[in-house]
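Here's the letter readout for the chains.
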Amino acid sequence: MIESLHSPHVARVKALIGSKGARERREQGLFVAEGVQCAREALTSESGPQLKILYATENGLSKISELDLDSVEIVEVTDAVLKAMSDTVSPQGLISLCYKPEAKFADLKATGSSTFIYLHEIQDPGNAGTILRTADAMGISAVITSPDSVDMYSPKVVRATAGSLWNIPVFEGVTFDRVDKQFTGIQKFLLSSHASTSILDISIPGDCIAIFGNEARGVDASALGVSVTEVTIPMAGRAESLNLSAAASIVMFTLSSKVAG
């Protein structure tokens, strides 16, 4: 039982979630996931990020008592220690220290009915996490992010995914030029408020890639350097625009429906 707030374990976790956390996560190959749902996924997933250490209070362990913990390294901590490690206001008593996946983008293959999501310089952690969670729900094949996008393993993104980070492959820092070269000939759709083609009117005979731009600037089709089809979401109401994650959710649902159909 760790009782000291000066324990090396506390320092390690705080470094991974602190202001220089992105560098620490990159150098250590580790990230922190808080909460019951993330702990469940980390303990049961065979293909997602693997668990290194589970930090838990007595109350936290009681919330996952039905799971087999015999092969897991569990470090019990006091409530005060876990709170010091936490990035949330009300910790749930469980913090998972996980290995970042080492999947290579070059190994990602299209199956003939794959749908990929490409996030171009997305900055908001909540948006990124919600998009990944929706992508998981809609059966999206993988989420790809551009250079200068938010760190998909930052605490806020991980928390917003509600465990979906363990269910869908994520590839970070991939230029769109590289995506285009790897998936030449695949349909590429760019969500744009300036488009005249409705997302409802497109047909998808095979694989496709949906592109979402920065929350404030979006992304100009010409900046991607390849031919894409710009699409828009028809809106009957008076709102001028949608939050990025809401718009992306609509697009992903529409695409998944078309592919399934």
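Residues numbered from 1 in each chain as written. Predicted model: local features only at pLDDT ≥ 70, side-chain atom pairs only at ≥ 80, totals over all residues. Heavy atoms only, no water.

**Side note on the sheet that holds strand 3 (residues 74–76)**
Step number 1: The four strands are arranged 1-4-2-3 in an open sheet whose pairing can be described as mixed. Strand pairing shows two members of the sheet lacking a second neighbour, strand 1 (30–34) and strand 3, which therefore form its edges. In this sheet, neighbouring strand axes are inclined to one another by 20 degrees on average, regardless of whether the strands run parallel or antiparallel.
Step number 2: Here strand 2 (residues 51–56) runs beside strand 4 (residues 94–99); their pairing, made up of five bridges, is antiparallel. Its bridge partner being in strand 4, isoleucine 53 is matched across the sheet by leucine 97.
Step number 3: Packed onto the sheet, helix 3 (residues 36–44) meets strand 1, strand 2 and strand 4 and runs at close to 40 degrees relative to strand 4. (Pairing = 2+ DSSP bridges. Helix = DSSP H or I, 4+ residues; strand = E, 2+ residues; numbered from the N terminus. Axes fitted to C-alpha atoms, helices over the stretch in contact; angles between N-to-C directions. Contact = heavy atoms within 4.5 Å.)

**A short note on the state of the cysteines**
Step number 1: Summed over the entire model, instances satisfying the criterion amount to zero disulfides.
Step number 2: Cysteine cysteine 38 shares no disulfide, and the gap to the nearest cysteine sulfur, in cysteine 98, comes to 8.0 Å.
Step number 3: On the accessibility criterion, cysteine 38 (4% relative accessible area) is buried. (Disulfide = S-S within 2.5 Å. Buried < 20%, exposed > 50% of the residue type's maximum accessible area, 1.4 Å probe, protein only.)

**A word on the environment of glycine 112**
Step number 1: Its location among the elements puts glycine 112 in the loop between strand 4 and strand 5 (115–119).
Step number 2: Judged by its relative accessible area of 37%, glycine 112 falls in the partly exposed class.
Step number 3: Sequence separation of glycine 112 and isoleucine 17 is 95 residues, and the distance between their C-alpha atoms is 39 Å.
Step number 4: Dropping the residues within four chain positions of it, glycine 112 is found in contact with Gly206 and Asp207.

**Examining a nonpolar patch on the surface**
Step number 1: There is a patch of nonpolar side chains on the surface, built from Met235, Leu242 and Ile250 and spanning about 230 Å² of accessible area.
Step number 2: As for its position among the elements, leucine 242 is in the loop between strand 10 (229–231) and helix 10 (244–260).
Step number 3: A relative accessible area of 36% places leucine 242 in the partly exposed class. (Patch = residues over 30% accessible without salt bridge, like charges linked within 9 Å, V, L, I, M, F, W, Y side chains within 5 Å. Areas by Shrake-Rupley, 256 points an atom, 1.4 Å probe, with all protein chains shown as cover. Salt bridge = Lys/Arg side-chain N within 4 Å of Asp/Glu carboxyl O.)

**Remarks on helix 6 (residues 125–137)**
Step number 1: With 13 residues, helix 6 should cover 18 Å at 1.5 Å per step; its first-to-last C-alpha distance of 18 Å lies within 8% of that length.
Step number 2: Residues of helix 6 that are buried: Asn127, Ala128, Gly129, Ile131, Leu132, Thr134 and Ala135.
Step number 3: In this structure aspartate 124 caps helix 6, since a side-chain oxygen of it lies 3.0 Å from the backbone nitrogen of glycine 126.
Step number 4: After helix 6 finishes, the residue glycine 139 shows a positive phi value of roughly 75 degrees. (Expected span 1.5 Å × (residues − 1). Polar contact = N/O pair within 3.5 Å; in protein donor to acceptor, adjacent residues only side chain to side chain.)

**Remarks on the packing of helix 1 (residues 8–17) against helix 2 (residues 21–28)**
Step number 1: Contact geometry for helix 1 and helix 2: axes closest at 6 Å, N-to-C directions at 115 degrees. Here helix 1 is positioned roughly perpendicular relative to helix 2, judged by the angle of their axes. Across the interface between the two elements, Arg12, Ala15, Leu16 and Ile17 of helix 1 pack against Gly21, Glu24, Arg25 and Gln28 of helix 2.
Step number 2: By residue class, the composition of the contact of helix 1 with helix 2 is three nonpolar, two polar and three charged. (Parallel < 35°, antiparallel > 145°, perpendicular 65-115°, else oblique. Nonpolar A, V, L, I, M, F, W, Y, C, P; charged D, E, K, R; others polar.)

**A short note on the pattern of salt bridges**
Step number 1: The full count for this structure, using the stated rule, is seven salt bridges.
Step number 2: A salt bridge links arginine 159 to aspartate 87; the nearest nitrogen and oxygen atoms lie 3.5 Å apart. Residue arginine 159 is located in helix 7 (residues 155–161), and its partner aspartate 87 is located in the loop between helix 5 (79–85) and strand 4; the two are separated by 72 residues in the primary sequence.
Step number 3: A relative accessible area of 34% means that arginine 159 is categorised as partly exposed.
Step number 4: Judged by its relative accessible area of 29%, aspartate 87 is partly exposed.

Nothing here speaks to function; it is all geometry.
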